[in-house]
Amino acid sequence: MGETKKLVSAKSPSYLKQAMSVNTKSFPWVKAFCAGIAAALPVMIGLLFGNFEYGLIAGMGGFTYLYFFNIPYPQNAQKLFFVVLGMTLVSALGTLAAPYPLAIAILMGVIGATVIFIFGALRITGPSAIFFVLVFAMTTGMPVNPELAPIRAGLVFLGGTLSWIIAMSGWLFNPHGPETSVVKRVFLELAAFVESVGTERFNESKNRVMSVLKEADETLAAGYIPWRKTELFNRLYVLNDHANQMFLYILENFSEDHSTLPPELGQTIREMTKSLDKKNTSIGVCKKILQPEGMNENVAVLFKKIYDADAIMNEPASKINNVILISKPSPKMILGGAFDKNSIVFISALRFGVVTIIAAFIAYQFDLARSYWVPLSCVAVMSGSTIISTYHRAIQRGFGTVVGILIAGFILATQPHGYIIALLILLLTFITELFIVKNYGLAALFFTPNALLMAESTSQGGFSFSYFASVRLIDVLIGTAIGLIGVWFVGRRSASSRLPHLVTKTIRSQGQFLLLLFSKHGVGCNVEECSEINKMQTNIITVKTLYTTAAGEIPVDQKALDYYWPVIFSIERLGYLLENGSKVDKRPILSEEKLAQLLYVCETMAIAAGRKQSLSIKNVPEIEMFPSIQNEIIHLQKSLQKFN
């Protein structure tokens, strides 16, 4: 909560200072080197076969590697495969549309909007639309020859396939690295949560545990391959499930406890976590199980659960309960849920497409040299997730591009050719990926000359340093200005104005799921696969995204953000508890009177949230076996009381 309030504080640093700040993330040396290889190797192969131009075109497929992130390899494999197909398609479209400026403008907007929508709705990690639009733009700038569309597309496909192979090679050495990492974080946060019982840190730690448990569930679901169940994955799945049970037990039995728990509990969990660092299928052995001298019944049960977790780490594979039940909404259902007039993902994608089309149309209407650099700059600026981040992008791209163009000018003035260009592409891509985690402006220093080097080498145009530098600067300034103006007019209050409706919708969906969960209608049906839980999950994700976007608007509606922050946090916690409740086979069936009261409470909360009105606390019926759900509903009511 504190971190987000810092983010939206009116007393935050100036835009310039924020844009120029460099974060403390470590340099991704291995990823940066592999990215350089993926971009330069196709060019070198083309040179070996005596066709430099084909190598450069295939090198555009190397942008595929930039979509590789530290997520489960099965998810990476699927994502990169579709990125390769997307790069192939846009390169073919760019070649076919090259003679028709109006078609280029429209397709550029459609491509950008489509990728923004898909990446946003499916919450895909990566640079989103920028490289799809870049590949499309670069192919439109090549010598006009629509008949070459199959060849160019095929070369991009080959370059993308090579990137896929390079990216997936890590699977041979550490196939479950991302899954192991997230489960380790689960137990570290769980240890901190145990140590926070009875202290002021309890609620903050509880929120962190819920967040990482949700992330672990999603990561394991993404890494699950039905036809390939390894011992390590089974063990990680059972460990994560056990961590959920431990967390819920602490929540049910120690939430109201004002005394701290024995320190040996947290120490033991941390000691166990060290075993997860060992990269082998047996994971490792917890060296020491610590025990307090005296403990009550609840603490003793918690210690038993910790012993069970240690057993999961060390028991032979044959003794592990490896029945894995993974359920997740289909991409079709997620995309359908995001395709809504109140969805910020849909609105952002639509805005992105319209502004990009306008930028491209203006560039081609005025017949600017290499017109596509205008919409490309516009796309780069609008890639920020909020208006504030868009302003940061504009500042960073402005500074980075000015220097980057000078670097590109000096490089091109030397008239590099052959293997020198390949080595420059490798070096510039490598440095770009190193600095992209630090600051986008620093990355632009090297990304700009890299893109210009590839584009100018494939366009076969003449070169004059002064003309080149002035034209590119003008293109960047025009594109940046259009992007900023478009975002300002179209999206400055689009998120905050929709928050009340989405919060109301989310609370109502939780009420509907509550009804199903504890009524006779939920008996005998697979609750995890029902439309009610999918609707609730989609709404929670949407409202969180909406809040983050609203926090980045200019001007910020600080009063609304302060009001909705605890409400959304409580909604997320309630969603977590309801999802875990759906995994319990024998749930209590509440009477019609209790169910009616629960629905009444949810509806009054939904109305109060939508109208930003305070409400009186209503009686919440007792839910046997699930007191934490009852307590969270009460907490949500109290959060809604704070508005005045």
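Residues numbered from 1 in each chain as written. Predicted model: local features only at pLDDT ≥ 70, side-chain atom pairs only at ≥ 80, totals over all residues. Heavy atoms only, no water.

1. Observations concerning the overall build of the chain
Stated formally: Helix and strand definitions here come from DSSP, where helices need a minimum of 4 consecutive H or I residues and strands a minimum of 2 consecutive E residues; each element is numbered from the N-terminal end. Partly exposed describes any residue whose relative accessible area lies between the buried limit of under 20% and the exposed limit of over 50%, with all areas from a 1.4 Å probe on protein chains only and scaled to the type maximum. Whether two residues touch is decided by their heavy atoms; if any such pair falls within 4.5 Å, the residues are in contact.
Per the secondary structure count, the chain includes 25 helices and 0 strands. Across the 644 residues of the chain, 54% fall into the buried class. Within the chain, contacts between residues at least 6 apart in sequence are counted, and of these 81% link residues at least 24 apart.

2. Considerations on the side chain of T506
Relative to the elements of secondary structure, T506 occurs in helix 21 (residues 499–517). Not counting residues up to four positions away in its chain, the partners in contact with T506 are N539, I540, V543 and I571.

3. Examining the environment of G266
On the secondary structure map, G266 appears in helix 12 (residues 263–273). When its relative accessible area of 0% is taken as the criterion, G266 is described as buried. Separated by 78 residues in the primary sequence, G266 and L188 have C-alpha atoms spaced 8.8 Å apart. When sequence neighbours within four positions are dropped, the list of residues in contact with G266 reads A191, V194 and E195.

4. Things to note about the packing of helix 9 (residues 177–196) against helix 11 (residues 231–254)
Where we set the bar: Angles run from 0 to 180 degrees between N-to-C directions of axes, and those axes are lines fitted to C-alpha atoms, restricted for helices to the stretch in contact. Roughly parallel means an angle under 35 degrees; roughly antiparallel, over 145; roughly perpendicular, 65 to 115; everything else is oblique. Should the near helix be turned anticlockwise from the far one by less than a right angle, the crossing is termed left-handed; should it be turned clockwise, right-handed. Polar here means any residue outside two lists: the nonpolar Ala, Val, Leu, Ile, Met, Phe, Trp, Tyr, Cys and Pro, and the charged Asp, Glu, Lys and Arg; Gly therefore counts as polar.
Following both chains from N to C, one finds helix 9 and helix 11 inclined at 20 degrees, their axes separated by 10 Å at the closest point. Viewed along their axes, helix 9 and helix 11 adopt a mutual orientation that is roughly parallel. The way helix 9 lies across helix 11 gives a crossing that is left-handed. Residues E179, T180, V183, V186, F187, L190, F193 and V194 of helix 9 form the contact with helix 11, whose participating residues are L232, F233, L236, L239, N240, A243, M246, F247, I250 and L251. Among the residues making up the contact of helix 9 with helix 11, the classes are represented as 15 nonpolar, 2 polar and 1 charged.

5. Remarks on a nonpolar patch on the surface
Note the cut-off: Patch membership requires more than 30% relative accessible area and the absence of a salt bridge. Residues of like charge join within 9 Å; the nonpolar side chains Val, Leu, Ile, Met, Phe, Trp and Tyr join within 5 Å. Note on areas: Shrake-Rupley, 1.4 Å probe, and residue coverage restricted to the protein chains presented here. The rule for a salt bridge is simple: a side-chain nitrogen of Lys or Arg has to be within 4 Å of a carboxyl oxygen of Asp or Glu.
Taken together, L102, I106, V110, L350, V354, I358, F361, I362 and F366 make up a surface patch of nonpolar side chains, about 830 Å² in accessible area. Elements supplying a minimum of two residues to the nonpolar patch: helix 6 (101–121) and helix 15 (344–365). The leading source of residues in the nonpolar patch is helix 15, at 5 residues. With respect to the helices, strands and loops of the structure, L102 is situated in helix 6. You can call L102 exposed: its relative accessible area is 52%.

6. Re the pattern of salt bridges
For the coordinates displayed, the defined rule picks out 11 salt bridges. Its salt-bridge partner being E231, residue R235 comes within 2.5 Å of it at the nearest N-O pair. Remark: E231 and R235 occur in helix 11; sequence separation between them is 4 residues, near one turn of the helix. Close ionic contact of R573 with E632 constitutes a salt bridge, the shortest N to O distance being 3.2 Å. Of the two residues, R573 is situated in helix 23 (residues 558–581) and E632 in helix 25 (residues 627–640); the sequence distance between them amounts to 59 residues. Judged on exposure class, the residue R573 and its partner E632 are both buried.

7. Re the packing of aromatic side chains
The test is simple: Here is the rule: rings of Phe, Tyr and Trp (six-membered ring for Trp) pair when centre to centre is within 6.5 Å. Planes less than 30 degrees apart are stacked, more than 60 are edge-to-face, and the remainder are tilted. Charge-over-ring placement is defined geometrically: NZ (Lys) or CZ (Arg) within 6 Å of the ring centre, and within 35 degrees of the ring normal.
Scanning the entire structure with this criterion turns up 26 aromatic pairs. Relative to F346, the ring of F339 lies with its centre 4.9 Å away and its plane at 70 degrees, an arrangement referred to as edge-to-face. One aromatic cluster in this structure is built from F63, Y67, F119, F131, F132 and F447. Positioned above the aromatic ring of F69, the side-chain terminus of K31 is 3.7 Å from the ring centre. For the cation-ring pair, K438 lies above F27, with the distance from its terminal atom to the ring centre recorded as 4.8 Å.

8. Remarks on the confidence of the model for the chain
Detailed conclusions should not be drawn from predicted coordinates in areas where pLDDT is low. Basically, it comes down to this: Scored from 0 to 100, pLDDT reflects the predictor's confidence in each residue.
Per-residue confidence for the chain averages 83 on the pLDDT scale, and 85% of its residues sit at or above 70. Per-residue pLDDT stays below 50 along residues 279–285; that stretch engages in 21 contacts with residues further than four places along the chain or on separate chains.

9. Remarks on the environment of Q512
Within the secondary structure, Q512 is located in helix 21. Overall, Q512 belongs to the partly exposed group, its relative accessible area being 39%. Distance in space between the C-alpha atoms of Q512 and C602 is 9.0 Å, their sequence separation being 90 residues. With residues up to four places along the chain from it excluded, the contact list for Q512 reads E532 and K535.

10. What to know about helix 24 (residues 592–611)
What counts here: In this analysis, the expected span of each helix is defined as 1.5 Å times one less than the number of residues it contains.
End to end, helix 24 covers 28 Å across 20 residues, agreeing with the expected 28 Å (1.5 Å per residue, within 8%). Of the residues making up helix 24, those classed as buried are L595, L598, V601, C602, T604, M605, A606, A608 and A609. Positive phi appears at K612, one or two residues downstream of helix 24, with a value of about 55 degrees.

11. What about unusual backbone geometry?
Negative phi characterises most residues that are not glycine, and trans characterises most peptide bonds. In the Ramachandran plot, R123 falls in the positive-phi region, its phi being about 50 degrees despite a non-glycine side chain. Here R123 lies in the loop between helix 6 and helix 7 (130–140). Since its relative accessible area comes to 42%, R123 is described here as partly exposed.

12. Considerations on the packing of helix 3 (residues 29–48) against helix 4 (residues 52–60)
For the pair helix 3 and helix 4, the least separation of the axes is 7 Å and the interaxial angle reads 160 degrees. In terms of their interaxial angle, helix 3 and helix 4 are classed as roughly antiparallel. Crossing of helix 3 over helix 4 shows right-handed handedness. Residues A39, P42, V43, G46 and L47 of helix 3 lie in contact with helix 4, whose contacting residues are F52, G55, L56, A58 and G59. The class makeup of the residues in the contact of helix 3 with helix 4 is 7 nonpolar, 3 polar and no charged.

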